[in-house]
Amino acid sequence: MRSTNDTAFNALFWLLYFLYQWLGLASLYGDYDGYFINACMALPVSLIFSVVAVHVFFRHYYQKDRKAAFYLGAILVSLALLLARRYVNYYFIYPRYFPQALNMPFISWAKLLVEFVNLYAITGLYALYYFIRYWYEERQRVQELLQQNTRAELDLLKAQVQPHFVFNTLNNIYATAFKSSPETAVLIAHLSGFLDYNLYHTSRDKVALTAEIDYIRHYIELQKNRYGKKVDLSVNIFDEINDLQIAPLLLLPLVENCFKHGVGDSVEKSWVRIDASREVEKFSIMIENSRDEISEQIIPNVGGIGLLNVRKRLQLIYPRQHELKIIEGPNSYLVILKIQIEKNDQVFNRR
């Protein structure tokens, strides 16, 4: 539907522009043949520049905060197109249809300025359609995110009664088990921490990244008890992340996939490795798990619900501020997630 609308808009817009350049100007001067040729020369220049400026430069430079490259590219491309058009007009079109225009030199700054203004005016009208549509789609995404948050809060309120009772009961069992079976007590502590995060942290927009990592550690420790020596697990934090925040429950589905589609399907000894690091403007995490080469698995990036949900949440919460890569090897599966760090996502410790 979207591509159909784009095609219809472009066809109508450029048809009207061609008719304006031809019939609109020709009706003033009575030279329909000459201004038909003029319209044929004006149309490709305006069309090419508008498409390049809106669909290439704006998306790949301006929206990625490379504004200097955007402005420089737009100026150079428009200048090149206008000079090419000027050359064809001056040496081929004007001598036959507009000989009076030859009184003006080939390089006329006044003429060039007028053509610049006309070109950017047409491009501005062309871009207005896409800007309005982009604004509408962003508004729709925000509304969708608000609705999802509202539904999640209601679901959380409904689900909190029994889990809250279980959480308190686990704390009492932990105190009893610690005296007779320390190993059991440790597992209860991890399960208690897992439930505590679900109860008291997931309703927030952002949580401390360290809390999200601790949540993953609790999950991994519980999986260790399940799989025992069958799996080798490691979590490595290479940089300071105490001042960062992240959307809750964003990383766990990626870790869950390691066990659902890697460790759980493997008949051999498996491993899972999680490496978290921080760059100047990005937090990155690499989650890799082993898998049997001959196993027939449900590949998460094709049909896994968990990964699909993560992609959708990333698009809603971190639009154009994240990078998610899936690297499938013969014996391993690697997920690399990078999230751009914004100032309002940083919590600086004050002392």
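All residue numbers refer to position in the chain's written sequence, counted from 1. Totals for whole chains, interfaces and linings use every residue, but because this is a predicted model, local features are given only for residues with pLDDT of at least 70 and side-chain atom pairs only at 80 or more, for both listing and counting. Derived side-chain values reflect all non-hydrogen atoms in the structure, with water molecules and hydrogen atoms excluded from consideration.

As recorded in an unreviewed UniProt entry, the protein chain goes by Histidine kinase and comes from Dyadobacter fanqingshengii.

Participant: I'd love a proper account of unusual backbone geometry, names of residues and values included.
Facilitator: Phi at aspartate 65 takes a positive value of approximately 60°, unusual for a residue other than glycine. The way it works is that DSSP assigns letters per residue, a run of H or I at least four long becomes a helix, a run of E at least two long becomes a strand, and they are numbered from the N terminus. Topologically, aspartate 65 is positioned in the loop between helix H2 (32–62) and helix H3 (67–97). Type-normalised accessible area, obtained with a 1.4 Å probe on protein chains alone, sets the label of each residue: buried when under 20%, exposed when over 50%, and partly exposed for intermediate values. The exposure class of aspartate 65 is exposed, given its relative accessible area of 59%. One non-glycine residue, leucine 249, lies in the positive phi region at around 60°. With respect to the helices and strands, leucine 249 occurs in the loop between strand S3 (245–246) and helix H8 (252–263). Relative accessible area serves as the criterion here: at 28%, leucine 249 is assigned to the partly exposed category.

Participant: Describe the pattern of salt bridges, naming the residues involved and giving the relevant values.
Facilitator: Salt bridges are counted wherever a side-chain nitrogen of Lys or Arg sits within 4 Å of a carboxyl oxygen of Asp or Glu. Taken as a whole and assessed by the stated rule, the structure comprises 12 salt bridges. Across the pair lysine 67 and aspartate 65 runs a salt bridge, and its minimum N-O distance is 2.9 Å. The shortest N-O distance in the salt bridge between arginine 133 and glutamate 137 comes to 3.9 Å. Taken together, the positions of arginine 133 and glutamate 137, both in helix H4 (residues 109–159) and 4 residues apart, correspond to about one turn of that helix. Taking the relative accessible area as the measure of exposure, arginine 133 reaches 15% and is therefore buried. Members of the salt-bridge network, linked through shared partners, are Asp6, Arg133 and Glu137.

Participant: Quick one: what's the story with the packing of H2 against H3, residue by residue and with numbers?
Facilitator: With axes taken as lines fitted to C-alpha atoms, and helix axes fitted only over the stretch in contact, angles between N-to-C directions fall between 0 and 180 degrees. As a packed pair, H2 and H3 sit with axes 10 Å apart at the nearest point and diverge in direction by 170°. One way to sum up the angle between H2 and H3 is to call them roughly antiparallel. Three classes are used, and their members are as follows: Ala, Val, Leu, Ile, Met, Phe, Trp, Tyr, Cys and Pro are nonpolar, Asp, Glu, Lys and Arg are charged, and the others, Gly among them, are polar. Here the residues of the contact of H2 with H3 sort into 21 nonpolar, 5 polar and 3 charged. Any angle from 65 to 115 degrees is called roughly perpendicular, while one under 35 is roughly parallel, one over 145 is roughly antiparallel, and all others are oblique.

Participant: Outline the sheet that holds strand S7 (residues 332–340), listing residues and values.
Facilitator: By the convention used here, strands pair only if DSSP detects at least 2 bridges between them. Here we have 5 strands laid out as an open sheet, ordered S2-S4-S5-S7-S6, and mixed in their pairing. Strand pairing shows two members of the sheet lacking a second neighbour, strand S2 (231–237) and strand S6 (322–328), which therefore form its edges. With strand direction ignored, the average angle separating the axes of adjacent strands in the sheet is 5°. Whether two residues are in contact is decided by their heavy atoms: any pair within 4.5 Å suffices. Packing against the sheet, helix H7 (residues 209–227) makes contact with S2, strand S4 (270–278) and strand S5 (282–290), and its axis sits at approximately 165° to S2. In this fold H8 packs onto S2, S4, S5 and S7, with an angle of close to 15° to the strand it touches most, S5.

Participant: Go over a nonpolar patch on the surface, please, and point to the residues and values.
Facilitator: Grouping into patches uses exposed residues only, defined as over 30% relative accessible area, and leaves out salt-bridged ones; the cut-off is 9 Å for like charges and 5 Å for nonpolar side chains (Val, Leu, Ile, Met, Phe, Trp, Tyr). Accessibility throughout is a Shrake-Rupley quantity obtained with a 1.4 Å probe, and a residue counts as covered only by protein chains that appear here. A cluster of nonpolar residues, Leu12, Leu15, Leu16, Leu19, Leu23 and Tyr32, forms a patch on the protein surface that exposes about 530 Å² of accessible area. A total of 5 residues in the nonpolar patch trace back to one element, the largest contributor, which is helix H1 (residues 2–29). Examined against the element boundaries, leucine 23 turns out to sit in helix H1.

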